[in-house]
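# Understanding the architecture of this molecule
Below are the chains, spelled out letter by letter.
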Number of protein chains: 2
Amino acid sequence: MDSKQQILLRSNEAKEIYLPHISADPVIFGFENNGLKVLMLQTNYRQKWLLPGGYVRKDEDLDDAVVRILKDRAGISDAYMEEFGVFGKKDRSEFFFEDFDETLFHKQRFISIGYLALYNPSNTILVKDDISNACDWIFLDELDNIDIAMDHREIIEKALLTLREKISIKPIGYNLLPEKFTLSELQKLYETILGKELNRGNFYRKIKNLGILKKLDERRRGGAHKAPDLYSFDEQNYNKALENGLNNW
Amino acid sequence: MDSKQQILLRSNEAKEIYLPHISADPVIFGFENNGLKVLMLQTNYRQKWLLPGGYVRKDEDLDDAVVRILKDRAGISDAYMEEFGVFGKKDRSEFFFEDFDETLFHKQRFISIGYLALYNPSNTILVKDDISNACDWIFLDELDNIDIAMDHREIIEKALLTLREKISIKPIGYNLLPEKFTLSELQKLYETILGKELNRGNFYRKIKNLGILKKLDERRRGGAHKAPDLYSFDEQNYNKALENGLNNW
């Protein structure tokens with residue numbers, strides 16, 4: 001069965017199962033080798049890259065749909081996701097299916113709801129679904145080199161802006177860093193999200209003042225420099241800061 | 001024509017014009033007499049209070065729909081709105097139309113997109129549409145005394161939480177306060193949104209450090225106390241702060 005036949009078959013099933021006009025697109029960020037990555041699928045049909053999105057079942061809460069979609073499309077089952085934006089321009093996705101006629105489920109107008117999640121790539125082996133060629137983490141600075149379909153580049157950019165805002169009011173790192181990390185790794189994460197360099201002394205002072213770190217009785221071995229201290233998050237304080245926010249008023 | 005007949009008539013039109021399953025609900029906050037208010041409509045049918053929501057035309061961008069809805073339902077035409085949450089539980093709104101059968105447009109499942117705006121109540125005379133008894137600003141602490149339909153109380157609460165988060169990263173006040181205001185009025189606005197009292201000295205120092213205020217050569221007359229200084233926003237710096245955020249990293 002070729003990729004067009006696959007889509008036609010899915011269209012008929014989809015009409016029975018899913019609400020029309022509404023889709024969900026998860027933007028999953030990971031952090032590896034001091035860089036931010038985003039989880040993308042390459043479709044069999046037209047070989048383009050897309051977010052691992054999907055549709056909402058007629059009898060399913062929206063929140064449950066997003067969890068199911070990420071499980072079905074990438075094999076990820078324990079990411080916490082948060083809605084960050086709705087993409088509702090007319091004609092934002094329809095032309096992707098130009099080889100099909102108007103009766104195709106996928107070709108109708110969709111208003112897509114964007115979800116943002118942070119996930120450590122080393123926590124899972126990605127599993128692609130059968131309409132995808134590939135399921136992969138793509139570094140943000142490599143996105144310009146791949147062919148991204150529809151408005152999904154815009155969705156990723158909005159997600160990154162949202163993450164940048166969030167970093168001022170919520171602690172970040174728990175789902176992105178390994179259990180033990182150095183302050184310089186944490187600083188690199190903040191710098192990557194903010195898109196700018198931070199003064200080391202200021203950053204160390206501010207991050208320690210949040211009270212969310214535990215200094216461990218261990219150091220990172222093997223580097224050329226003096227072995228740096230290792231830290232982990234104080235889970236209780238971290239969660240308290242998540243709940244209350246880092247409000248500075 | 002009674003209120004049920006009105007809805008039946010609208011249902012037939014709606015099927016022609018609007019996308020199914022998608023609605024938008026604007027939460028418009030105003031500030032008056034040192035208290036936050038929200039704009040609500042009371043429906044003719046069942047006399048319940050609702051947000052001034054509506055549907056998206058089949059050929060209309062989502063952003064344009066929200067502007068049109070607020071104009072049609074409350075006569076407000078110049079509020080800046082921002083999406084803040086999506087409400088997608090099944091059965092969240094259907095039971096409101098229990099007197100009708102399943103063919104009613106309004107009775108299908110709707111996933112509703114919440115929009116947040118700040119608006120000075122004195123800038124407009126509200127105009128109710130013909131399916132509403134009333135269109136009014138309701139103080140937040142009076143919401144417990146009115147009969148609110150569907151999950152609209154939950155939508156308002158989520159909007160308030162979002163506003164509380166935003167106040168840490170964006171300047172607030174331009175669309176809520178009169179052109180000239182005292183620091184104590186601005187502090188009261190912040191306290192109302194944050195739901196807690198702030199230390200006066202700290203607040204004055206921090207708000208002045210943002211560089212978004214202009215001290216005027218005038219004082220507020222007529223009070224029992226020493227006439228306080230009047231301020232206005234420095235529009236250029238305010239907009240710069242809006243754009244860049246009050247990021248503290």
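Note that the structure is predicted; figures quoted are calculated from it, not measured. (Residues numbered from 1 in each chain as written. Chains lettered and ligands numbered in written order. Predicted model: local features only at pLDDT ≥ 70, side-chain atom pairs only at ≥ 80, totals over all residues. Heavy atoms only, no water.)

## Some remarks on the overall build of chain A
The helix and strand tally for chain A stands at six helices and nine strands. If you line up chain A on its principal axes, its C-alpha atoms span 65 × 40 × 30 Å. For chain A, the proportion of its 249 residues judged to be buried stands at 55%. In chain A, of all internal contacts separated by at least 6 residues, the share reaching a separation of at least 24 is 71%. Accessible surface, chain A: about 12300 Å² in total, of which carbon and sulfur atoms supply 45%. Where the 36 positive side-chain charges of chain A centre and where its 41 negative ones centre are 6 Å apart. (Helix = DSSP H or I, 4+ residues; strand = E, 2+ residues; numbered from the N terminus. Buried < 20%, exposed > 50% of the residue type's maximum accessible area, 1.4 Å probe, protein only. Contact = heavy atoms within 4.5 Å. Areas by Shrake-Rupley, 256 points an atom, 1.4 Å probe, with all protein chains shown as cover. Lys, Arg positive; Asp, Glu negative; His and termini not counted. Charge placed at Lys NZ, Arg CZ, Asp CG, Glu CD.)

## Some points on the nonpolar core
The nonpolar side chains of a soluble globular protein tend to be buried with one another. Among the nonpolar cores identified, the biggest contains 48 residues, and Ile28(A), Ile111(A), Ile113(A), Ile28(B), Ile111(B) and Ile113(B) are the most heavily contacted of them. Every residue in contact with Ile113(A), bar those within four places of it in the chain, is listed here: Ile22(A), Ser23(A), Ala24(A), Asp25(A), Leu62(A), Glu83(A), Gly85(A), Val86(A), Val86(B) and Ile111(B). One finds Trp49(A), Leu116(A), Leu183(A) and Leu189(A) within the second-largest nonpolar core, a separate group that totals 45 residues. (Core = buried A, V, L, I, M, F, W, Y, C linked by side-chain atoms within 4.5 Å.)

## Examining the interface of chain A and chain B
The interface is formed by 38 residues belonging to chain A together with 38 residues belonging to chain B. On the chain A side of the contact with chain B, Arg109(A), Asn248(A) and Trp249(A) bury the most area, a combined 23% of that side's loss. Remark: the boundary between chain A and chain B carries 14 residue pairs in polar contact (both at pLDDT 80 or more). Mapped by element, the contributors of at least two residues to the side of chain A that touches chain B are β1 (18–32), β4 (54–57), β5 (81–87), β6 (111–118), α3 (152–166), α4 (183–194) and α5 (200–209) of chain A. A class-by-class count of the residues in the side of chain A that touches chain B yields 18 nonpolar, six polar and 14 charged. (Buried area = accessible area lost by both parts, 1.4 Å probe. Polar contact = N/O pair within 3.5 Å; in protein donor to acceptor, adjacent residues only side chain to side chain. Nonpolar A, V, L, I, M, F, W, Y, C, P; charged D, E, K, R; others polar.)

## Points about the side chain of Lys48(A)
As for its position among the elements, Lys48(A) is in the loop between β2 (35–43) and β3 (49–50). Setting aside anything within four residues of it in sequence, one finds Lys48(A) in contact with Leu41(A), Gln42(A), Thr43(A), Phe96(A), Asp147(A) and Ala149(A).

## Quick word on the environment of Tyr80(B)
Residues and elements named next belong to chain B. Mapped onto the elements, Tyr80 comes out in the loop between α2 (62–74) and β5 (81–87). Overall, the relative accessible area of 60% leaves Tyr80 in the exposed class. Look past the residues within four positions of Tyr80 in its chain and what remains in contact with it is Leu116, Ala117 and Leu118.

## Structural notes on the UniProt feature "domain: Nudix hydrolase" (unreviewed entry) in chain A
According to UniProt, the feature "domain: Nudix hydrolase" (unreviewed entry) maps to residues 19–164 of chain A in the numbering used here. Secondary structure content for residues 19–164 of chain A is 18% helix and 36% strand, while the C-alpha to C-alpha distance between its ends is 32 Å. (UniProt positions renumbered as here; feature names shortened; annotations may be inferred.)

## Remarks on the domain arrangement of chain A
Frequently, the measure chosen for interface size is the accessible area removed from exposure when the parts meet. Residue and element names in this part refer to chain A. Domain assignment breaks chain A into domain 1 (3–159) and domain 2 (183–244). One C-alpha centre belongs to domain 1, the other to domain 2; they are set 32 Å apart. Contact residues are listed per partner, giving four residues for domain 1 and five residues for domain 2. Together domain 1 and domain 2 conceal approximately 370 Å² of surface at their shared face, both sides included; 80% is due to carbon and sulfur atoms. (Domains from an automatic or database assignment.)

## Side note on the relation of the copies chain A and chain B
Note on the identical chains: chain A maps onto chain B by a rotation of 180 degrees and an axial translation of 0.0 Å, with an RMSD of 0.0 Å. On this basis, the relationship between the two copies can be described by a two-fold rotation axis. The overlap is high: 100% of the interface residues of chain A also sit at the interface in chain B, so the same surface is used on both sides. (Least-squares fit on C-alpha atoms with pLDDT ≥ 70 in both.)

## Re the packing of α4(A) against α5(A)
All names here are of chain A. With their axes 11 Å apart at the nearest point, α4 and α5 run at an angle of 100 degrees to one another. Here α5 runs roughly perpendicular to α4, going by the angle between their axes. Residues Leu183, Ser184, Leu186, Gln187 and Tyr190 of α4 form the contact with α5, whose participating residues are Arg200, Phe203, Tyr204, Ile207 and Lys208. Counted by class, the contact of α4 with α5 contains six nonpolar, two polar and two charged residues. (Axes fitted to C-alpha atoms, helices over the stretch in contact; angles between N-to-C directions. Parallel < 35°, antiparallel > 145°, perpendicular 65-115°, else oblique.)

## Re the packing of aromatic side chains
As enumerated under the stated definition, the model contains 34 aromatic pairs over all chains in all. Ring centres of Phe181(B) and Phe233(B) lie 4.8 Å apart, and the angle between their planes is 45 degrees; on these two criteria the pair is classed as tilted. Taken together, the positions of Phe181(B) in the loop between α3 (152–166) and α4 (183–194) and Phe233(B) in strand β9 (residues 229–233) put the pair 52 residues apart, joining distant regions of the chain. Here the aromatic cluster, defined as three or more aromatic residues joined through ring pairs, consists of Tyr18(A), Tyr55(A), Phe105(A) and Phe110(A). Positioned above the aromatic ring of Phe100(A), the side-chain terminus of Lys4(A) is 5.4 Å from the ring centre. (Phe/Tyr/Trp six-rings, centres within 6.5 Å; stacked < 30°, edge-to-face > 60°. Lys NZ or Arg CZ within 6 Å of the ring centre and 35° of its normal.)

## Structural notes on the environment of Ile148(A)
Within the secondary structure, Ile148(A) sits in the loop between β7 (132–139) and α3. Taking the C-alpha atoms as reference points, Ile148(A) and Leu163(A), separated by 15 residues in sequence, lie 21 Å from one another.

## Re the side chain of Ser11(A)
Locating Ser11(A) in the fold gives a position in helix α1 (residues 3–17). Discounting residues that sit within four places of it in the chain, Ser11(A) has contacts with Thr103(A), Leu104(A), Phe105(A) and His106(A).

## Observations concerning the pairing of β1(A)
All names here are of chain A. Of all 15 residues making up β1, 14 are buried, and the element is well covered by its neighbours. Two strands pair when backbone bridges link them, and β1 and β6 are joined in this way by eight bridges, in the parallel orientation. Bridge pairing in β6 links Asp25 to Gly114. Relative to β2, β1 runs antiparallel, the two being bridged by four bridges. Bridging from a neighbouring strand, Phe31 pairs with Leu36 of β2. Following β1, the chain reverses through two residues before pairing antiparallel with β2; Asn33 in that reversal takes a positive phi of roughly 50 degrees. (Pairing = 2+ DSSP bridges.)

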